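# Working through the structure, step by step
Residue-level listing of the chains:
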Amino acid sequence: MFLYNLTLQPPTTINVAVVGHFSGTKQQEIVISRVTRLELLKADPNSGKLQTLLTHDAFGIIRSLTPFRLTGGSKDYIIVGSDSGRIVILEYNIVKNKFEKVHQETFGKSGCRRIVPGQYLAVDPKGRSVMIGAIEKQKLVYILNRDSAANLTISSPLEAHKSHTLVHHCIGLDVGYENPVFACLEVDYSDADMDPSGDAFNSTEKMLTYYELDLGLNHVVRKWSDPVDARANLLFPVPGGNDGPSGVLVCSENFITYKHQRVPELRVPIPRRRNPLEDPSRGLIIVAGVMHKMKGVFFFLLQSEEGDIYKVTLDYEDDKVNAIKIKYFDTVPVAASLCILRAGFLFVAAEFGNHRLYSFTSLGDDNDEPEWSSDEFMDSDTDISAYFTPRDLQNLERADELESLNPLIDAKVLNLTDDDTPQLYALCGRGAGSTFRILRHGLEISEMAVSELPGNPNAVWTTKLKSDDEFDAYIIVSFVNATLVLSIGETVEEVTDTGFLATTPTLDVHQLGDDALLQIYPQGIRHIRADRRVNEWKTPGNRAIVKAATNKRQVVIALTGGELVYFELDNQGQLNEYQERKEMSSNVTCLSVGEVPEGRQRSRFLAVGCDDNAVRILSLDPDNTLEVLSTQGLSAPPQSLSIIEMMDIGTDASHGTLYLNIGLQNGVLLRTMLDTITGSLTDTRQRFLGARPVKLFRVTIQGAPAVLALSSRPWLSYTFQSRLHLTPLSYDMLEYGSNFTSPQVPEGIVAISANTLRIFAVEKLGTVFNQAIIQLSYTPRHFVLHPPSRNFVVIESEHNTYSPMEKQRTLDAKISEGKRFDPSLLDLSPEVFGLPKAEPGKWASCIRIINPFLGDTTSKIEFEENEAAFSITMVNFHSHNNELFLVVGTAKDANLAPRTCSSGYLYVYQFNEDGNDLNLLHKTQCDDIPLALLPFQGKLLAGVGKALRIYDIGKRKLLRKCETKAIPNCIVNLHTQGNRIIVCDMQESIHYASYRQHDNRIIIFADDTTPRWITTTTMIDYDTLAGGDKFGNFFIDRLPSETSEEVDEDPTGNKIMYEKGYLMGAPHKVSMISHYHVGDILTSIHRTTLVAGGREILVYTGIMGNIGVFVPFLTREDIDFFQTLEMHMRNEAPPLAGRDHLQYRSFYAPVKSVVDGDLCEQYNLLPMEKKRMIADELDRTPAEIQKKIEDMRVMAAF
Amino acid sequence: MDRFNLNSQLEHLQSKYVGTGHADTNKFEWMVNQHRDSYASYIGHHSLISYFAVAQNESIARVKFEFVEKMLQPCGLPVPRDE
């Protein structure tokens, strides 16, 4: 089996976000790292919406990012620390819209290693040097400068290593223009390692160390080292030079300390939430923060692990700091990075869940929130009582949200709504922010207006009055026997004095020339001049106009019988008929002329579709007007045509490719390249859109031309980041559409559906799925579908949290101790503020039934007595033939490390009639945590710790029928087909077992030679298993067919039973047939089809929100082709972060039988000469290669 | 290659790459190295650290912090060397 990997949705997590002027303009941008991807975002200052400008796959793990600006420069560079063993400096090229590698310097081995730098990056605020550090020992300092041509230069690295030293954090100190200084938070373990008594360990100190780069001597020295709080975890630089006193804020558990060389330290506690349930012994740490400087003042926003943001300010005179002050600011989701934009936004890159953009409404200066100052806390070491009351947002206001699936814990691909494509049902999120999400393939739209019309219209157009108008003035709606004109203003109202003929249906409307309007109706053409003079052209005899195509200067109409009449606007604004008419051989079904190119008189081509299943391109040049230039035969009559220039050439923003889109009556959309000189048609791509004839409309999306294609569902063909996308819209079936712009809706679409007029806008371009969200209360673990009712049953369990009963018990105990508290403190919404932390070993858990169609919870059962649910399945027991039972495996007092519990339970539930509720039948105790459950031959197969058991249902409990303990550690996943059982162990990969009915035994006969830490698996056929492990690998293992047959044909079963083990395991071994490093921990794999009529593929999801597919190749030629292409791509487009692509995909084991489609798709981004070079090597044309790459995607997925 | 040179090369490796073994490496030292390497790898791989954070219901920054803390003495007190 040879597979092609494609990402459908890249990771949605963000591990670092930085802000800067990356395009060198006034506007600030945000660069985010989605671990394996680099993305550039822009926050629109007016609308407050985030917009993705660029996303690029880095094929490596980006661990740190920092913006960097040379002294006196106006453009920020991006420095990337990754797993490549290299430092990479990138520059954003605004013209080409891509990241360009400025420097790439190798310093060590690749991989996320202990002593290879890449984890920490710190820059000198004045832009003179950068430090890149590892977790242990190594720190390298590079001096950055510019050469005579103002190019960025990088020096050879200077070492600031210190062996036996762990580094917690590393920043660049602000020292003005003195020698650059870097501050590191370090721990030396050499003494602790040597002293068995433990004294040295106890006296180990955490040190704040300053490393000074002496620019004169070109040398790094340890300048100063001072012990800090033993639980310090983060540093923040305090502005220096002219802007402030310089120094660092050291964040530690419960305290924030100001430190600097030769000045006394100042300390302030981190205020805690006033909450009766809090554990006062639990320390509170700062997890993220940002410093903001403006007009001579600066402040810090620091976020605690609860999500509370504090505003920290320093009270200082000259270089002397008198006090640090801290006050509660607001509560937002816990962030991986916080970014403040000068336009007044705070970007919160959440560590889990959706990322958010907030706008500042105030800076929290003048509210009555209590403030704590270091003056009050100078000496008190104990009993810090800084408490605040959390509240709703006061200083921030939510502006926008980036949806994120991270962490994606489990998913299923099902088609419950009988759509064209299946939906993905996913469990996402952590804690109280957990969600159940229904993902549908399609672009999300935001509906602006729906208004009823007096009948069922046929068509709708919008038009401006003058060619330089910014907004549309009229909406024209055509009915069977009338035309309605609506004016667009504050409200949309009918107008009658527009010059449009209202008593007839309309065929086309267009704004003509500078200030005229055009209406085409079956009996003629009305040319409405600006002064309301109307020139009319009537059709000859009894013939009617059947089709029309117009642009700003040209009009083409088709009369009944297939006669074409061509008009062109002259310089006086007069519409002139071309003297000759063209007779087509058959009836014309559709027409299209392209837009007039900028600076030209006319569009040179006319496309005519006829019912003889052909499309012809006719010339509109004065030399050979209406001459046929080329013809394309079709499989069905064309319904609609659209000539359009798409901006899909990345290198030149003003030029695109001319395409002819052909919508066929059988629901297929063809896209053909139209040569701008000869008019010949080449490189046809096709796609099935739906069951109805495809109608095409030209619209504008993000300022670029796009095509709205309407079939049984609406689709949009648009360019995004210089790539063509064809994506369905998640919306109702539409009849007709047109572009729409108004002051309220700068870029929208007006469409008709039955008797309504809809106005909507397309947002979030580039997203593949749109999501419906159902809120959950704890971290979801697994879920199953109850097929009769189509409800989902989800189990949720949360460590370190109070269950409702435990919460009540703790509160009662507090009250009986005589403590008093304000009950409103407990009313905080858990979605915003999270659930209070209890202590390790305390669990909250529940079973929930969700109706995915209504989006609500029909029933919820909370577990009490510190039980947590871990596994779930639906079983049809033999003895109760027609009933489905729900079995849930739980554990009481579960402990994470070591994995223990006081007792496990298997709950058996019956569904009530409509499947909305559960009745507990009985519960069965077991000795370990049941992590895997599976229906098996009318019984229940359960993996309880390392024991694999078969249970049958009894009257009062489940009855144990059979057991094997031959699994090494812990069973996490089970599969079965016939008598074969596949058991997945937590650490020891997969085991093939056979159930022997006559003597009721389970015998393991084959296992794997690689010790994989399995997270998820799926059986793709009787002998083959695909799975993922905790290190981000994907693999397929197969049992050799001779072993498989041998085992199945063994009549007594004695042979496998008494066979000798091999390599300290089972007698047979499975063979690995493919292996691939995905870069994300896989959480589910499914064998399914994603497109109607497509082939079966493997769909996977990863914890970081990744959704991808593995497509099996069908022919040997394809394999050779893509392997060669991949090889060329590795050479021609080396990954952005400096990682070697082949090494990355072979992170833990060499990649086997998988081609990276994401890399192949980067072919489209290459400059033309490289495209051509690779194409020559492959003996093909670039267009052929692009077509093959696209086909690979659209045939199997989207 | 003569014996003397080999020794100096080994020493160079040991000083350059933390955790390079030598003839007297005991089980404890080996174990400590394994653990420190593992923790460093967990911290570096964002997907793994998220996995831990979800299981423990702690923030990623907290898990990272605790891991670096644990690297100081991952396997308890060192065992005395028997000379």
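Cut-offs applied
Residues numbered from 1 in each chain as written. Chains lettered and ligands numbered in written order. Predicted model: local features only at pLDDT ≥ 70, side-chain atom pairs only at ≥ 80, totals over all residues. Heavy atoms only, no water. UniProt positions renumbered as here; feature names shortened; annotations may be inferred. Pairing = 2+ DSSP bridges. Helix = DSSP H or I, 4+ residues; strand = E, 2+ residues; numbered from the N terminus. Disulfide = S-S within 2.5 Å. Buried < 20%, exposed > 50% of the residue type's maximum accessible area, 1.4 Å probe, protein only. Contact = heavy atoms within 4.5 Å. Buried area = accessible area lost by both parts, 1.4 Å probe. Salt bridge = Lys/Arg side-chain N within 4 Å of Asp/Glu carboxyl O. Polar contact = N/O pair within 3.5 Å; in protein donor to acceptor, adjacent residues only side chain to side chain. Nonpolar A, V, L, I, M, F, W, Y, C, P; charged D, E, K, R; others polar. pLDDT = per-residue confidence, 0-100. Axes fitted to C-alpha atoms, helices over the stretch in contact; angles between N-to-C directions. Parallel < 35°, antiparallel > 145°, perpendicular 65-115°, else oblique. Phe/Tyr/Trp six-rings, centres within 6.5 Å; stacked < 30°, edge-to-face > 60°. Lys NZ or Arg CZ within 6 Å of the ring centre and 35° of its normal. Domains from an automatic or database assignment.

- As named in an unreviewed UniProt entry, chain B is Splicing factor subunit, taken from Rhizophagus irregularis.
- Quoted verbatim from the Sequence similarities (unreviewed entry) field of UniProt, the annotation for chain B is "Belongs to the SF3B5 family."

- Under an unreviewed UniProt entry, chain A has the name Pre-mRNA-splicing factor RSE1 and belongs to Rhizophagus irregularis.
- Note on chain A: under the UniProt heading Sequence similarities (unreviewed entry), the record states "Belongs to the RSE1 family."
- You can read under Subcellular location (unreviewed entry) in the UniProt record for chain A the words "Nucleus".

### Describing the pairing of strand β22 (residues 263-269) of chain A
Residues and elements named next belong to chain A.
- Pairing between strand β21 (residues 255-260) and β22: five bridges, direction antiparallel. Each residue of the ladder has a partner; that of T257, found in β22, is R267.
- Hairpin remark: β21 followed by β22, antiparallel, with two residues in the connecting loop; positive phi at R262, about 65°.

### A look at the state of the cysteines
Residue and element names in this part refer to chain A.
- Counted by the stated rule, this structure contains zero disulfides over all chains.
- Take C590: it sits in no disulfide, and the sulfur closest to it among the cysteines is that of C610, at 7.9 Å.
- Accessibility expressed as a relative area gives 3% for C590, which makes it buried.
- Residue C610 is classed as buried on the basis of its relative accessible area, which comes to 0%.

### A short note on the interface of chain A and chain B
- Facing the 64 residues of chain A at the interface are 39 residues of chain B.
- Summing both partners gives a buried area of about 4200 Å² for chain A against chain B, and 61% of it is carried by carbon and sulfur.
- Viewed at the interface, chain B and chain A are joined by eight salt bridges.
- Taken together, the connections running from chain A to chain B amount to 23 residue pairs in polar contact (both at pLDDT 80 or more).
- If you list the elements that add at least two residues to the side of chain A that touches chain B, you get β15 (165-173), β16 (181-188), α1 (190-194), β19 (232-237) and β68 (791-799) of chain A.
- Here the residues of the side of chain A that touches chain B are counted per class, giving 29 nonpolar, 15 polar and 20 charged.

### Here's the deal with the confidence of the model for chain A
- On average, residues of chain A score 92 in pLDDT, and 99% of them reach the 70 mark or higher.
- The weakest mean pLDDT in chain A belongs to helix α6 (residues 1054-1058) of chain A at 80; the strongest belongs to strand β91 (residues 1154-1156) of chain A at 97.

### Considerations on the environment of Y736 of chain A
Residue and element names in this part refer to chain A.
- Here Y736 shows up in strand β63 (residues 736-740).
- Taking the C-alpha atoms as reference points, Y736 and V750, separated by 14 residues in sequence, lie 8.5 Å from one another.
- Leaving out residues up to four positions away in the same chain, Y736 has contacts with N458, A459, V460, W461, F697, L710, V750, A751 and I752.
- In terms of polar contacts, Y736 uses its side chain to reach the side chain of W461, at 3.5 Å.

### A closer look at the packing of helix α2 (residues 27-44) of chain B against helix α3 (residues 46-56) of chain B
All names here are of chain B.
- Between α2 and α3, the least distance of the axes is 5 Å, while the angle of their chain directions is 95°. With respect to their mutual orientation, α2 and α3 come out roughly perpendicular. Of α3, the residues touching α2 (which contributes Y42, I43 and G44) are H46, L48, I49 and F52.
- Grouping the constituent residues of the contact of α2 with α3 by class yields five nonpolar, two polar and no charged.

### Considering the packing of aromatic side chains
- The tally for this structure, following the rule as stated, stands at 43 aromatic pairs over all chains.
- Relative to F760 of chain A, the ring of Y731 of chain A has its centre 4.9 Å away and its plane inclined at 50°; by these criteria the two rings are tilted. One end of the pair, Y731 of chain A, is in the loop between β62 (723-728) and β63; the other, F760 of chain A, is in strand β65 (residues 756-762), with 29 residues separating them in the sequence. For the pair shown, Y731 of chain A and F760 of chain A are each scored as buried.
- In textbook terms, an aromatic cluster arises when at least three aromatic residues are bridged by ring pairs, as seen for F2, Y4, F1113, F1121 and F1122 of chain A.
- Above the face of the Y189 of chain A ring, R36 of chain B is positioned so that its terminal group lies 3.7 Å from the ring centre.

### Some thoughts on the sheet that holds strand β79 (residues 971-977) of chain A
Residue and element names in this part refer to chain A.
- Across the sheet, five strands lie side by side as β79-β80-β81-β82-β86; this open sheet has mixed pairing. Edge positions in the sheet fall to β79 and β86 (1068-1069), since each has one partner strand and no second.
- Sheet analysis places strand β80 (residues 980-985) next to strand β81 (residues 990-996), joined by five bridges and oriented antiparallel. Paired with I982 across the two strands is Y992, which belongs to β81.

### Here we look at the domain arrangement of chain A
Residue and element names in this part refer to chain A.
- According to the domain assignment, chain A contains domain 1 (20-400), domain 2 (456-766) and domain 3 (1112-1194).
- At the junction of the two partners, domain 2 supplies six residues and domain 3 supplies seven residues.
- Counting each side, the surface lost to burial between domain 2 and domain 3 is near 680 Å², with a carbon and sulfur contribution of 47%.
- On the domain 2 side of the interface with domain 3, the three residues burying the most area are R685, R687 and R723, jointly 62% of the side's total.

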